[in-house]
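Summary of the model geometry
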Protein chains: 2
Amino acid sequence: MKAPDWRHDLPAGLLVGGLLLPQALAYAMLAELPPVAGVMASLLPLGVYALLGSSRQLAMGPVAILALMVASATPALAAAHGADPWALALLLSLEAGALLALAAALRLDALAALLSAPVLHGFVSGAALAIALGQIPKLIGLNLPGSTLLDWGRFFASGPELRPDAWSAAFGLGAVVLLVLARLRRWRLAPLGVVALAIAAVAALQAGGQALGALRLTGAVHLLDGLRFPSPFALPAALWLQALPAAALIALVAYVESLAIAQALAARRQERISTRRELVGLAGANLAAGLSGGLPVAGSFSRSGLLFEGGARTRWAGALSALLFLVLVSLAAPWLARLPHAVLAAGIVVAVLPLVDLPAFRRAWRYARAEGAVMTAVALLTLLLGVEAALAAGVAASIALLLQRTARPHWAEVGRLPGTEVFRNTKRFQVELLPELLSIRIDEGLLFTNARWLSEVLGAELARRPQARHLLLMMSGVNDIDLSGLEALQQFAQELRVQGVQLHLSELKGPVADRLMAAGLADWLPGRVFRTQIEAWTALSREAGDPLWVSP
Amino acid sequence: MKAPDWRHDLPAGLLVGGLLLPQALAYAMLAELPPVAGVMASLLPLGVYALLGSSRQLAMGPVAILALMVASATPALAAAHGADPWALALLLSLEAGALLALAAALRLDALAALLSAPVLHGFVSGAALAIALGQIPKLIGLNLPGSTLLDWGRFFASGPELRPDAWSAAFGLGAVVLLVLARLRRWRLAPLGVVALAIAAVAALQAGGQALGALRLTGAVHLLDGLRFPSPFALPAALWLQALPAAALIALVAYVESLAIAQALAARRQERISTRRELVGLAGANLAAGLSGGLPVAGSFSRSGLLFEGGARTRWAGALSALLFLVLVSLAAPWLARLPHAVLAAGIVVAVLPLVDLPAFRRAWRYARAEGAVMTAVALLTLLLGVEAALAAGVAASIALLLQRTARPHWAEVGRLPGTEVFRNTKRFQVELLPELLSIRIDEGLLFTNARWLSEVLGAELARRPQARHLLLMMSGVNDIDLSGLEALQQFAQELRVQGVQLHLSELKGPVADRLMAAGLADWLPGRVFRTQIEAWTALSREAGDPLWVSP
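These remarks concern the structure in this document.

Criteria and thresholds
Residues numbered from 1 in each chain as written. Chains lettered and ligands numbered in written order. Predicted model: local features only at pLDDT ≥ 70, side-chain atom pairs only at ≥ 80, totals over all residues. Heavy atoms only, no water. Helix = DSSP H or I, 4+ residues; strand = E, 2+ residues; numbered from the N terminus. Rg over C-alpha atoms; globule rule 2.2 N^0.38 Å. Buried < 20%, exposed > 50% of the residue type's maximum accessible area, 1.4 Å probe, protein only. Contact = heavy atoms within 4.5 Å. Areas by Shrake-Rupley, 256 points an atom, 1.4 Å probe, with all protein chains shown as cover. Lys, Arg positive; Asp, Glu negative; His and termini not counted. Charge placed at Lys NZ, Arg CZ, Asp CG, Glu CD. Salt bridge = Lys/Arg side-chain N within 4 Å of Asp/Glu carboxyl O. Pairing = 2+ DSSP bridges. Patch = residues over 30% accessible without salt bridge, like charges linked within 9 Å, V, L, I, M, F, W, Y side chains within 5 Å. Buried area = accessible area lost by both parts, 1.4 Å probe. Polar contact = N/O pair within 3.5 Å; in protein donor to acceptor, adjacent residues only side chain to side chain. Nonpolar A, V, L, I, M, F, W, Y, C, P; charged D, E, K, R; others polar. Core = buried A, V, L, I, M, F, W, Y, C linked by side-chain atoms within 4.5 Å. Least-squares fit on C-alpha atoms with pLDDT ≥ 70 in both. Phe/Tyr/Trp six-rings, centres within 6.5 Å; stacked < 30°, edge-to-face > 60°. Lys NZ or Arg CZ within 6 Å of the ring centre and 35° of its normal. Axes fitted to C-alpha atoms, helices over the stretch in contact; angles between N-to-C directions. Parallel < 35°, antiparallel > 145°, perpendicular 65-115°, else oblique. Left-handed = near helix turned anticlockwise from the far one by under 90°. Expected span 1.5 Å × (residues − 1).

**What to know about the overall build of chain A**
Helix and strand counts for chain A come out as 23 helices and 10 strands. In terms of C-alpha radius of gyration, chain A reaches 31 Å, well past the compact-globule figure of 24 Å for 552 residues. If one aligns the C-alpha atoms of chain A with their principal axes, the spans along those axes are about 105 × 60 × 50 Å. Across the 552 residues that make up chain A, the buried fraction comes to 56%. If you take every contact in chain A between residues at least 6 apart in sequence, the share linking residues at least 24 apart comes to 82%. Accessible surface for chain A amounts to roughly 22,300 Å². Of this, 63% is attributable to carbon and sulfur atoms. If the 43 positive side-chain charges of chain A are averaged to one point and the 35 negative ones to another, these points end up 9 Å apart.

**Some words on the pattern of salt bridges**
Residue and element names in this part refer to chain B. Tallied over the full model, the rule gives 18 salt bridges over all chains. Residue Glu-413 pairs with Arg-465 through a salt bridge whose shortest N-O separation is 2.8 Å. Here Arg-465 lies in the loop between helix H19 (451-463) and strand S7 (470-474) and Glu-413 lies in strand S3 (residues 411-416), a separation of 52 residues in the sequence. Pair check on accessibility: Glu-413 and Arg-465 agree, each one buried.

**A few points about the side chain of Glu-95 of chain B**
Locating Glu-95 of chain B in the fold gives a position in helix H5 (residues 85-105). Nearest to the buried, unbridged Glu-95 of chain B among oppositely charged side chains is Arg-276 of chain B, at 22 Å.

**Let's talk about the pairing of strand S6 (residues 437-442) of chain A**
A regular strand places its side chains so that they alternate between the two faces of the sheet. All names here are of chain A. With six of its six residues buried, S6 lies for the most part within the structure. The two faces of S6 match: Leu-437, Ser-439 and Arg-441 on one face and Leu-438, Ile-440 and Ile-442 on the other face are all buried. Across three bridges, strand S3 (residues 411-416) lies against S6 in antiparallel orientation. The partner of Trp-411 across the bridge, within S6, is Ile-442. Pairing of S6 with strand S7 (residues 470-474), which is carried by five bridges, proceeds in the parallel orientation.

**What about a nonpolar patch on the surface?**
Residues and elements named next belong to chain A. A cluster of nonpolar side chains, contributed by Leu-129, Leu-133, Ile-136, Leu-149, Leu-150, Leu-353, Leu-380, Leu-384 and Leu-385, occupies part of the molecular surface with about 700 Å² of accessible area. Mapped onto the nonpolar patch, the elements with two or more residues apiece are helix H6 (117-139), helix H7 (149-157) and helix H17 (369-384). Residue Leu-380 is classed as partly exposed on the basis of its relative accessible area, which comes to 48%.

**A few points about unusual backbone geometry**
Even without being glycine, Arg-186 of chain A reaches a positive phi, approximately 60 degrees. Structurally, the position occupied by Arg-186 of chain A is in the loop between helix H8 (166-184) and helix H9 (190-207). In the Ramachandran plot, Glu-507 of chain B falls in the positive-phi region, its phi being about 55 degrees despite a non-glycine side chain. Accessibility expressed as a relative area gives 23% for Glu-507 of chain B, which makes it partly exposed.

**Quick notes on the interface of chain A and chain B**
With 57 residues of chain A in contact, the opposing surface of chain B contributes 58 residues. Contact between chain A and chain B buries roughly 5,100 Å² in total, counting both sides, with carbon and sulfur atoms accounting for 55%. For the pair chain A and chain B, the interface holds six salt bridges. For Asp-443 of chain B, the salt bridge is made with Lys-509 of chain A, and the minimal N-O distance between the two is 3.3 Å. Summed over the shared surface of chain A and chain B, the result is 17 residue pairs in polar contact (both at pLDDT 80 or more). When residues of the side of chain A that touches chain B are traced back to their parent elements, those giving at least two are H6, helix H11 (244-268), helix H16 (358-367), H17, helix H18 (387-407), helix H19 (451-463), helix H20 (483-499) and helix H21 (510-518) of chain A. In terms of residue count, H20 of chain A provides more of the side of chain A that touches chain B than any other element does, eight residues in total. A per-class count over the side of chain A that touches chain B returns 26 nonpolar, 15 polar and 16 charged.

**Things to note about the nonpolar core**
Judged by nonpolar contacts, the single largest core of 249 residues is most densely connected at Met-69, Leu-115 and Phe-123 of chain A together with Met-69, Leu-115 and Phe-123 of chain B. With near-sequence residues (within four places) excluded, Leu-115 of chain B lies in contact with Leu-120, Leu-252, Val-253, Val-256, Leu-391 and Val-395 of chain B.

**Observations concerning the relation of the copies chain A and chain B**
After a rotation of 179 degrees and a shift along the axis of 0.0 Å, chain A superposes on chain B with an RMSD of 0.2 Å. With respect to symmetry, the two chain copies, as superposed, fit the operation of a two-fold axis. Proximity to the rotation axis, assessed at the C-alpha, singles out Gly-477 of chain A in chain A; its C-alpha lies 3.1 Å from the axis. Comparing interface residues between copies, 100% of those in chain A also sit at the interface in chain B, which points to an isologous, same-surface contact.

**Re the pairing of S3 of chain A**
All names here are of chain A. The pairing of S3 with strand S4 (residues 423-425) spans three bridges and is classified as antiparallel. Along S4, the bridge assignment pairs Val-414 with Asn-425. Linking S3 back to S4 in an antiparallel pair, the connection comprises six residues, with Gly-419 at a positive phi of about 80 degrees.

**So, the packing of aromatic side chains**
As enumerated under the stated definition, the model contains four aromatic pairs over all chains in all. Taking the ring centre of Trp-411 of chain A as reference, the NZ or CZ of Lys-427 of chain A above it sits at 5.9 Å.

**Here's the deal with the side chain of Ser-484 of chain A**
Among the secondary structure elements, Ser-484 of chain A is positioned in helix H20. Among the polar contacts made by the side chain of Ser-484 of chain A, one reaches the main-chain amide nitrogen of Ala-117 of chain B at a distance of 2.8 Å. Residues within four places of Ser-484 of chain A in sequence aside, it is in contact with Phe-448 and Ala-451 of chain A together with Ser-116, Ala-117 and Pro-118 of chain B.

**With respect to the packing of helix H1 (residues 6-30) of chain A against helix H15 (residues 341-352) of chain A**
All names here are of chain A. Packing of H1 against H15 leaves a shortest axis separation of 9 Å and a crossing angle of 95 degrees. Classified by the angle their axes make, H1 and H15 are roughly perpendicular. Where H1 abuts H15, its residues Pro-22, Leu-25, Ala-26, Tyr-27, Met-29 and Leu-30 lie against His-341, Leu-344, Ala-345, Ile-348 and Ala-351. A breakdown of the residues in the contact of H1 with H15 according to their chemical character gives 10 nonpolar, one polar and no charged.

**What to know about the packing of H1 of chain A against helix H14 (residues 316-336) of chain A**
In helix packing, the relevant descriptors are the interaxial angle and the interaxial distance, both defined with respect to the helix axes. Residue and element names in this part refer to chain A. Between H1 and H14, the shortest axis-to-axis distance is 7 Å and the interhelical angle comes to 45 degrees. In terms of orientation, H1 and H14 fall into the oblique class. For the pair H1 and H14, the sense of crossing is right-handed. Packed against H1, whose contacting residues are Trp-6, Asp-9, Leu-10, Gly-13, Leu-14, Val-16, Gly-17, Gly-18, Leu-20, Leu-21, Ala-24 and Leu-25, the element H14 presents Trp-316, Ala-317, Leu-320, Ser-321, Leu-324, Phe-325, Leu-328, Val-329 and Leu-336 at the interface. Class assignment of the residues belonging to the contact of H1 with H14 gives a composition of 16 nonpolar, four polar and one charged.

**Description of helix H18 (residues 387-407) of chain B**
In this model H18 of chain B runs 30 Å from its N-terminal to its C-terminal C-alpha over 21 residues, within 8% of the 30 Å that 1.5 Å per residue would give. The set of residues buried in H18 of chain B consists of Val-387, Ala-390, Leu-391, Gly-394, Val-395, Ser-398, Ile-399, Leu-401, Leu-402, Leu-403, Thr-406 and Ala-407 of chain B. Next to the buried residues of H18 of chain B lie H18 of chain A together with helix H4 (64-81), helix H6 (117-139), helix H11 (244-268), helix H17 (369-384) and H19 of chain B.

**Looking at the environment of Gly-293 of chain A**
All names here are of chain A. Within the element layout of this structure, Gly-293 appears in the loop between helix H12 (275-291) and strand S2 (298-299). For Gly-293, a relative accessible area of 0% gives the class buried. Along the chain, Gly-293 and Trp-86 lie 207 residues apart, while their C-alpha atoms are 8.1 Å from each other. Once residues within four sequence positions are removed from consideration, Gly-293 is found in contact with Val-36, Ala-37, Met-40, Trp-86, Leu-90 and Phe-229.

**Regarding the environment of Val-356 of chain A**
Residue and element names in this part refer to chain A. Its place among the elements puts Val-356 in the loop between H15 and H16. With 223 residues separating them in the primary sequence, Val-356 and Leu-133 have C-alpha atoms 12 Å apart. Among residues more than four places away in sequence, those in contact with Val-356 are Ser-125, Ala-128 and Leu-129.

Okay, here's the thing in structure tokens:
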């Protein structure tokens, strides 16, 4: 690892350390955990990532979406076993870290592809909206249970009495106004300033003897409490098993989001990052979080941007930000007790709303309706039912779309462009055909999803050309033939043999040809194998009659 | 529907009706239901299929594998709700029929593709072996609980006392010897003869005052009992829901097996069958079974073969077989009470063992190791854990293999075959290259499973060619670009722009080009789009230096 580039890394680290203070407290609140759970997630994991990761600009630590995932996973687990939610969050950190380490060891980084673009965008937008909606009651001093629209619907259906609190609203809405103004001016450390301002205001009001009513304050943040975290190892084995699906989703989201941020920033500096070392770095950071009392961690969008703009040159910048954060928290600890929850909620709302990317939905619908539908469904499910159901449904839908795509591949009857050796779709080009030859190009591997359908299509096409004595399959687009494809081809060849039609193949790709030969192609093919389409055409033209001209 | 061809359909129907008698009784025993549940499955469903189906040779009715699936699904359902197993079997028939009807209405026949060749072969072999193993205790007068090796392992671990029965063994093993001899001689109606012989022997022994000890007999078969079947509509709604996954698997297996048999037989007569009408016919047959007291039904391998060899010409032959079966059963009913279970078990063993297709496993392993592994795993899981777990795991594994296949597509650097307009893989052909141009052909759609990986591969390849100023992607093999692929391509173009490398595309397929243009290709592509590879080569050769010769 390179030595720190103090001139660049120190200022960048200072900036990010300053932003970490309000975010660590806010995301712990979002995860419904004591503030120190966010503090601990902002110390050791950053150092471990600096040692193991590969990105120079990725700012590790607590992030809003993982905090929401923790908040949505823990209640069910805690209810079943009466466990401490903090211990459960640590369990999730440990398991997510262990799964990431396993993925690194088994080179499973390709699994990240399961989170396709529509699922990821739909999920991030839906989760950001869910987070923002969830904070609005806190902004005005209300407390609603649960984190999904369904939870709130049930709550409101029970006809509760709602009493917003004036002081909370004043602090919360005031902070929102300040933060939005600061964002417009690109004052990146404004959240820290607003926190300081709010603490000063509360202190002044309290000193003036003002009763602050129902204004909820953060309460004392004792750093030593961070070292007295509950042990996840005391939790029963059944819980470890039960928490695995949630941990797997946390690991997947943490990895895909971190990778996207790191790759986007690296590209702007002509650097490349290693997907596998990112996996290792993220695994280490989460294991460190779980062992040192912290929430699950990932790369933060806002802090990474700050690290980049601050000019970080080596991975030390991230570690330096943790050090500065430690100093800041130690100094500010006695004061943080006076920080209103409403101000933290304001910080969360302003931080996550830019993640709601409505134009991405419009682009997706325009590009591919099915994918736009998946994106919208995942966003709505995230809002309505929660993150786990939405992600699981999204991944399943992406796989179903892929299966459907391979199930109905493109194929075309081809003929010869007159005077050339080129063969093209008869529907698009004016080509020559031979009366007794039907030649079809298949633009997809022969796979279990399409093998039966393709042999039916070919059979039907042949039935429309009763004079054809030869069927020539142009295999230039067939990258693979699986066992189902092989069997369908064999059965089809058998049917053609009964009908007295010869089945020929041309332009087989090397690996496909090798495997077909090994599977005894010569024994069951009632025709010949030609290297190129033009060789097939020339050889068969003697038997298949004089060329005809066909227009599309 | 054509009029019956009496000269051909009657003899074929008679043959099959004769074989139905022992099989209907045996498969009801295999499903652990009263004999009439098999009888009822052999009457009405055959007539309904004749009206709705499309195959002339498919012999509908009870089959061994569905009987095993019923036996494996019902105990858990019955235990939870204390329901009658016969009522549960009817529920499965009804639900399987309804699902098949739904699939026909929504044109979901493509879902049959989910049962890929390795899963189907592994399952059929494993199930046949499980059935045969399950009958061996009955052959010698033992009764073991459950239907999987795991069940038996638990039973033997409990240290039971085992007392085989001499008379059962005499009848069972005697029947096996006769049936194997008959099979070698291709006496297709031997099972009926063996049944008659066994009944006569029992009658003679009983008349002679011989005590037959623990020999289990079928017991009286009263046809009227078949009309007094328990109503599945009396079962609680929760059970209907709980039975759905098992019913879906039964529907899937029934459809895929029936279709495979019907297609294979139709091809031998140059006939084509309609996959959708098969779905309708099978749906009707199963609904009829569920409403008239019968087990779930499908096309039988052995009886369909007999119908074909008997010369059936129209779908009336199947209906005629049901009529003859009705006559036979009515006449034989008083005698069937004396039929030993061991003889039915012998019939089952001899009928299913040919379905264990060991050479198919060897072929699969040789053709594609991963698919051979799936086939073996499905067979073992069927034996060890039962049919539902095995099928679910097999379908999941097939999908995983497909994802993996698209995740790492083939790509190649291409150069020009000197003096031609043809571009080929630089690793296989002696081609020309331009020093400042890197040209790569991608042989798969750009999809969420491979988009990120491909842009990394391209980036790495570019890093090895620092003098390249142009990257030309030959898109002739790219049949589709999904949203993830589009975003990866856009991000990659952005990275190249920073590096000062131009990204060009050639040979885009029509539909792909249309969608890229609609998504604003011109705005983000830092290069040009060429219709053909040779046009790109000609245009770029002015900027990219003189050709070099490269040997593979």
